[in-house]
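# Remarks on the overall topology
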Amino acid sequence: MAATLLFHLTLFFLLFSIVQSRLYTLPPPTIQPPLSLPHLFSVADYGAIGDGQHYDTAAIQAAIDACHFAGGGHVRFPPGTYLTATVYIKSGVYLVVEEGSKILGGTKLEDYPAESSRWYVVLAENATDVGITGGGVIDGHGMKFVKSFGEAKNVMVSWNETGACLGDECRPRLVGFLGSRNVRVWNIHLNEPAYWCLHLVGCDNTSIHDVSIYGDFNTPNNDGIDIEASNNTVITRCNINTGDDSICPKTTYGPLYNLTVTNCWIRSRSSAIKLGSGSSYDFKGLVFDNITIVDSHRGLGMQIRDGGDVSDVAFSNMNIQTRYYDPVLWWGRAEPIYITTCPRYPYSKEGSISNIRFINITATSENGVFLSGSRDGHLSNMRFQNVNFTYRRWTNFRDGLVDYRPGCRGLVKHSPAGIIMEHIDGLELENVNMIWSDVVQNKRWNNPLDFLPSTVNNISFLNFRSESDSQFGVLSSELRGRRERYLI
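Residues numbered from 1 in each chain as written. Predicted model: local features only at pLDDT ≥ 70, side-chain atom pairs only at ≥ 80, totals over all residues. Heavy atoms only, no water.

Looking now at the overall build of the protein. Assigned secondary structure in the protein consists of 2 helices and 36 strands. Taking all 488 residues of the protein together, the buried fraction comes to 57%. For the protein, the accessible area works out to roughly 19,700 Å², and carbon and sulfur atoms hold 53% of it. (Helix = DSSP H or I, 4+ residues; strand = E, 2+ residues; numbered from the N terminus. Buried < 20%, exposed > 50% of the residue type's maximum accessible area, 1.4 Å probe, protein only. Areas by Shrake-Rupley, 256 points an atom, 1.4 Å probe, with all protein chains shown as cover.)

This part is about unusual backbone geometry. Of the consecutive residues Gly-276 and Ser-277, the connecting peptide bond is found in the cis state with omega at 0 degrees. If you trace the backbone, Ser-277 turns up in strand β22 (residues 271–277). Note the cis peptide between Arg-405 and Pro-406, where omega equals 0 degrees. Relative to the elements of secondary structure, Pro-406 occurs in the loop between β30 (401–403) and β31 (411–413). Even without a glycine there, the phi angle at Ala-334 is positive, about 65 degrees.

Right, let's talk about the pairing of strand β3 (residues 73–77) for a bit. Across 3 bridges, the pairing between strand β1 (residues 40–42) and β3 is parallel. Opposite Ser-42, over in β3, you have Arg-76 as the bridge partner. Summarising the sheet, β3 and strand β6 (residues 93–97) pair through 5 bridges and their orientation is parallel. Across the sheet, the residue bridging to Gly-73 is Val-93, located in β6. (Pairing = 2+ DSSP bridges.)

Overall, the coordinates contain 2 disulfides when judged by the stated rule. Each disulfide pairs two cysteine sulfurs, and for Cys-165 the partner residue is Cys-170, the sulfurs being separated by 2.0 Å. Here the two residues Cys-165 and Cys-170 agree in accessibility, since each one is buried. Shown here is the disulfide that connects Cys-342 with Cys-408, its sulfur atoms set 1.8 Å apart. The S-S bond linking Cys-342 to Cys-408 shows a torsion near 90 degrees; that makes this disulfide right-handed. Of this pair, Cys-342 sits in the loop between β26 (337–341) and β27 (353–365) while Cys-408 sits in the loop between β30 and β31, and the two are 66 residues apart along the sequence. Exposure remark for Cys-342: the relative accessible area of 8% places this residue in the buried category. Sequence-ordered numbering of the bonded cysteines in the protein gives a disulfide pattern of 1-2, 3-4. Residue Cys-238 stays outside any disulfide, its sulfur separated by 4.7 Å from that of Cys-264, the closest cysteine. (Disulfide = S-S within 2.5 Å.)

We now examine the confidence of the model for the protein. Counting all residues, the mean pLDDT for the protein is 89, and 87% of those residues have values of 70 or more. In the predicted structure, residues 1–33 sits below a pLDDT of 50 and forms 20 contacts with residues beyond four places in sequence or in another chain. Low pLDDT, under 50, characterises residues 471–475; the predicted model gives this stretch 9 contacts beyond four residues in sequence or across chains. (pLDDT = per-residue confidence, 0-100. Contact = heavy atoms within 4.5 Å.)

As a further point, take the packing of aromatic side chains. For the structure shown, the criterion picks out 16 aromatic pairs. A ring pair is formed by Tyr-94 and Trp-186, whose centres lie 6.1 Å apart and whose planes are at 70 degrees; its orientation type is edge-to-face. One end of the pair, Tyr-94, is in strand β6; the other, Trp-186, is in strand β14 (residues 181–191), and 92 residues separate them in sequence. Judged by relative accessible area, which is 4%, Tyr-94 ranks as buried. Since its relative accessible area comes to 15%, Trp-186 is described here as buried. When the ring of Phe-315 is compared with that of Phe-358, the centres are 5.2 Å apart and the planes differ by 5 degrees; the resulting orientation is stacked. Residue Phe-315 is found in strand β25 (residues 310–322), and its partner Phe-358 is found in strand β27; the two are separated by 43 residues along the sequence. Through successive ring pairs, a cluster of aromatic residues spans Tyr-112, Trp-119, Phe-145 and Trp-159. (Phe/Tyr/Trp six-rings, centres within 6.5 Å; stacked < 30°, edge-to-face > 60°.)

Counting 101 residues, the largest nonpolar core has Phe-177, Phe-288, Leu-371 and Phe-384 as its most contacted members. Apart from residues lying up to four places away in sequence, Phe-288 is in contact with Leu-259, Val-261, Ile-273, Leu-275, Val-313, Ala-314, Phe-315, Ser-316 and Met-318. (Core = buried A, V, L, I, M, F, W, Y, C linked by side-chain atoms within 4.5 Å.)

Here the focus is a nonpolar patch on the surface. A cluster of nonpolar residues, Val-328, Leu-329 and Leu-411, forms a patch on the protein surface that exposes about 240 Å² of accessible area. Within the element layout of this structure, Leu-411 appears in strand β31. (Patch = residues over 30% accessible without salt bridge, like charges linked within 9 Å, V, L, I, M, F, W, Y side chains within 5 Å. Salt bridge = Lys/Arg side-chain N within 4 Å of Asp/Glu carboxyl O.)

Looking at the secondary structure, you find Phe-41 in strand β1. Here Phe-41 falls in the buried class, since its relative accessible area comes to 15%.

What follows is the structure in C-alpha cells.
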C-alpha cells in the first residue's frame, strides 16, 4: 500500500513539473474564425461608389447596420477604393475587404468623432463576434498627415488645437476594438496608419493571424499592434514593418493576461516587441515564440514606468538584429534585449519584473543587453538559456549612451558592455555565448559584464563564454563545465 501511494505521488509531481515547464513553450489553442455566416451584404448594394474620391461612409455603415439587425454575417467590399470617415462594426458583423479593394481613411478632423479616444477609421465598441478579413487593404492615408518629411524622422500634423487631446500625437488610429469579445482579424493588409495601426482595448478572446502591417519607417507613433488591458489574445503569422513599436502590450487601463505571439516577422525603427510604457496594472502569462526581428532599434523590450508588475513571460526561438538610429529622435540604443523598470515621475510607484525566460535566442547587434531594475522595483528570477550574442558595429551613430526614457534618468553616458545590470536579485545564464567583432580596434567593446556589486545579487553562470573573432587575435574568457554562483 505504501509503495503504491509513493508511486502515485511520484507520478503526480512528475506530471506537474512537465506541465509547468511547458507553460513557457506551448501557446494556447488557436482560435478558429467562423467558416460561414448566414447573411451576406455588399456595400455596393447600399450605394458605395468605391472611386476613392467620394465618401462612402453612409453606404458602408448602412450595410453594417443591416447585417447586424439581420443577426450577423459578412459585409463585402467589392474591388474599389472606399474613402470613408469612421465606420462602426456591430456585433456579429465581419468585414470582408476583398483582394483589389481598399478602405481609405479620411484626413479631415470632421471625419472622426468628437472624442479623440474614438478616432479610428474602423471601430468596434462593446461588440461580440466581430472581425475583418478578405485579403484587401485598410489604409490610414498616413502620408497625408506628414507636415514635413525628414531624413531621420517625419514631423506630423497634430489636431491638438481642438482641445480633444494634447501634445503631438493627436491623429486618428486605423482599426480599433474597444471592450469587445471574440474578435478575429485575419488575411488583411493594414497600411499607412496616421497613428497606431491595430488597437485592442479591454478585449477578451482575440485572434489575429496572417495579417500584414506596414507603416512608413520615418513616421513616429505608427505602432503595429497595441494590446491594452486585453486578455486571451493570440497573434500568429504576422508581418509587421513600422517606424514605431511593432507589438506593444500595455496596461494603462487594466491588467493583461495570456498573450501568445508566434511565427512573426518584425522590423521597427523603435522596439520590435515592447511591454509598456503604459504599465499601471500587471502583465502575466505572456509567450513570444519563433519570431524574426530585423533592422530594429530594439529587439525585446520592457519599459515599466507606472507601478504595474510583470511576471511569467517567455521569449523563445528568436533571431534578432538590432542597430543604432538617431539617439535623440528615437528611443533605443540598439539593444537586442532591454528590460527596465523605474518610475516615470518622482511620485510614481515602482513595478517589479520577475520570472522572465530567454530561451534559444540568437542576436546580432550594435550594443549589448540592458537589464535595469530600480531601488524598489527589482528584476528577479531571470534566466537566459542557449543564447548567442554577436556584437559588432556597422553604422556611424555614436555609442556610449544608456537610454532610460521615458522618464527616469533620460539618456546617460555609459560605455557599452555585453550585459549591463542594475538592481537585480536572481539571474541565471546557462549556455550563453558572446562573440565580439574588432575588439582590438574598439577597446570599449571587450567588457562582457558591467554591474555595481551593491545592486546586483545572486548571479549564476553555467557554460558562459565571451570571445573575440578579431583577425588580430582571440581574447576570450569563459566559465564552463560547472556552475559559478555569485552572492554579492
